[in-house]
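# Examination of the molecular architecture
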Amino acid sequence: LTRLIGFLYRIYLSRLFGEEAMGIYQLLGPILSISFSLTAAGYQTAISKLVAEQAATREGPSLRPLTAGLSISLPLSLACNAVLFFFADTIAVNLLQEPRTASMMRILSFSVPFSAVHACINGYFYGIKKAGIPAGSQLLEQMVRVGCVYIISAHYLSVGKTPSIGVAVAGLTVGEFFSMLMTIMAIRSPLYTGGQPASMGGLYRKLLFMALPLTANRIVLNLLQSVESVSIPARLKAYGYDNVTALSVYGVFTGMAMPFIFFPNALTSSVAVLLLPVISENYALGNMKAVREATLRTVKYCGLMGACCMAGFVFLGNWIGTTLFDSPLAGYFITTLGFLCPFLYLDTTLSSILQGLGLAGHIFAMNVICLLIRLCFVFLAIPLFGIQGYLWGLLASQLILGLLYLGCLYRFLKKH
């Protein structure tokens, strides 16, 4: 439901602000990803894994992993908030190469602490396999975001003014705030307290042992992805586009086509989030039969879903782009990117299984390999073939990543 609202929201944004503004808005994506990786992503996963293991091997789940995670994540997020707010101009000019993103970055900076608290609490609920609170908070976030943008834009239009794309960033920040409030109220409930581990010192060591490699991996991956994202418009200029055309093509690709391709991934992402505690719990108990069965079912059904979505996007992509986004270019991207679906959806769940088995280092190495392949296509193929060169790189990297994940998982299960 959240993805459906987000999908309709993207159509609304593209029609309201246009292709160039969408391109500028999408340039903020790498900043948001790096901030989340630095302050929350590794701690959310570590909290989920620790809570799941304690639920399996002790009297019950504990709130202490969440307390420990928040005590680290929240100060980091506040520091990140300050850096983005006070150095927005420098980052916009020197890193994003687009001064118009500075004012939006200042607004965006306040979403980082809200997102960190929200993510850590969600990690606890995923660990105890109660997905209702995270699901409800994500739905509330999306509804508040869309409602906020719609109300502000309607006000501007009613007085004869054109709203800026900064309105969308304000909506994102307000949505994160309300989502955080909901999860905080949920965690106060006595329903979700449980047994306590013996030592907080030992708990911090375990938490950091899990979270720091994940955080480092996510930061490196997101830095590489940021280089990729920022370089695409620049390499499109090397191909022969002017600044407006390059940003427009980038906006159509990242703001219209990619969200549509990722729309069915809502199901596989949900499966991936809940697979991690299931795999962690069974692996901690030594129940490898359950791990193998979960893996085989995942490969079977995600592969089947990916094949069906590929067929739908390939045959209906042009119609979707023209009818929904009023953009033939979006239709071309959707048709081409449809071939990603079988690998994209499968890779999401296989990554979660490998994390549950403690193979985060392997995931990192395989992702770096595939990102380097994409970067080669960005710097070498885009100046020669335009955006088509990048599409080839995406297809090649996702195929290689899927094969690497399957090979790693096969060797692990065979060994155990």
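All values reported here derive from a predicted model rather than from experimental measurement.

Let us look at the side chain of Arg-145. Its place among the elements puts Arg-145 in helix H8 (residues 132-158). Beyond its immediate sequence surroundings of up to four residues, Arg-145 is in contact with Tyr-9, Gly-171, Leu-172 and Gly-175.

Turning next to the environment of Ile-382. For Ile-382, the position within the fold is in helix H16 (residues 360-385). Separated by 350 residues in the primary sequence, Ile-382 and Leu-32 have C-alpha atoms spaced 25 Å apart. Apart from the residues within four sequence positions on either side, Ile-382 is in contact with Ile-232, Arg-235, Leu-236, Tyr-239, Phe-377 and Tyr-390.

On to the nonpolar core, then. Core analysis: the largest hydrophobic core is formed by 62 residues, its most contacted members being Met-105, Phe-313, Phe-333 and Leu-337. Not counting the four nearest positions on each side in its chain, Met-105 is found in contact with Leu-28, Ile-31, Leu-84, Ala-88, Ile-91, Ala-92 and Leu-96.

Tallied over the full model, the rule gives 5 salt bridges. For Arg-100, the salt bridge identified is with Glu-20, shortest N-O distance 3.3 Å. Pair noted here: Arg-100 is in the loop between helix H5 (88-94) and helix H6 (102-109) and Glu-20 is in helix H2 (residues 19-26), with a separation of 80 residues, a long-range link. The class of Arg-100 is partly exposed, set by a relative accessible area of 41%. Relative accessible area serves as the criterion here: at 23%, Glu-20 is assigned to the partly exposed category. Across the pair Arg-100 and Glu-98 runs a salt bridge whose closest N-O atoms are separated by 2.8 Å. Owing to a relative accessible area of 6%, Glu-98 belongs among the buried residues under this scheme. Taken together, the salt bridges that share partners define one network made up of Glu-20, Glu-98 and Arg-100.

The next thing to look at is the packing of helix H4 (residues 64-86) against helix H7 (residues 111-127). Any two packed helices are characterised by the angle at which their axes cross and by the distance between the axes. With their axes 8 Å apart at the nearest point, H4 and H7 run at an angle of 160° to one another. Considering their axes alone, H4 and H7 lie roughly antiparallel with respect to each other. Judged by the twist between their axes, the crossing of H4 over H7 is right-handed. Between H4 and H7, the contacting residues are Leu-66, Gly-69, Leu-70, Ser-73, Leu-74, Ser-77, Leu-78, Cys-80, Asn-81 and Leu-84 on the first element and Val-112, Pro-113, Ala-116, Val-117, Cys-120, Ile-121 and Tyr-124 on the second. Considering only residue class, the contact of H4 with H7 consists of 13 nonpolar, 4 polar and no charged.

Moving on to the environment of Ser-351. In this fold, Ser-351 is placed in helix H15 (residues 341-356). Once the C-alpha coordinates of Ser-351 and Arg-411 are considered, the two residues, 60 residues apart in sequence, prove to be 15 Å apart. Dropping the residues within four chain positions of it, Ser-351 is found in contact with Ile-363 and Tyr-405.

Turning to the confidence of the model for the chain, a few remarks are in order. Residues with a pLDDT of 70 or more make up 96% of the chain, whose mean pLDDT is 85. No element of the chain has a lower mean pLDDT than helix H12 (residues 265-284), which averages 75, and none a higher one than H6, which averages 92. Across residues 190-198, confidence stays below pLDDT 50; counting only partners more than four residues off in sequence or on other chains, it has 23 contacts.

In this section: H16. With 26 residues, H16 should reach 38 Å at 1.5 Å per residue; the first-to-last C-alpha distance of 35 Å fits that figure. Of all the bends in H16, the greatest, near 35°, is centred on Val-378. Of the residues flanking the end of H16, it is Gly-386, one or two places downstream, whose phi is positive at about 75°.

Parameters at a glance
- Residues numbered from 1 in each chain as written.
- Predicted model: local features only at pLDDT ≥ 70, side-chain atom pairs only at ≥ 80, totals over all residues.
- Heavy atoms only, no water.
- Helix = DSSP H or I, 4+ residues; strand = E, 2+ residues; numbered from the N terminus.
- Contact = heavy atoms within 4.5 Å.
- Core = buried A, V, L, I, M, F, W, Y, C linked by side-chain atoms within 4.5 Å.
- Buried < 20%, exposed > 50% of the residue type's maximum accessible area, 1.4 Å probe, protein only.
- Salt bridge = Lys/Arg side-chain N within 4 Å of Asp/Glu carboxyl O.
- Axes fitted to C-alpha atoms, helices over the stretch in contact; angles between N-to-C directions.
- Parallel < 35°, antiparallel > 145°, perpendicular 65-115°, else oblique.
- Left-handed = near helix turned anticlockwise from the far one by under 90°.
- Nonpolar A, V, L, I, M, F, W, Y, C, P; charged D, E, K, R; others polar.
- pLDDT = per-residue confidence, 0-100.
- Expected span 1.5 Å × (residues − 1).
- Bend = angle between axes of the 7 residues up to and from the residue.

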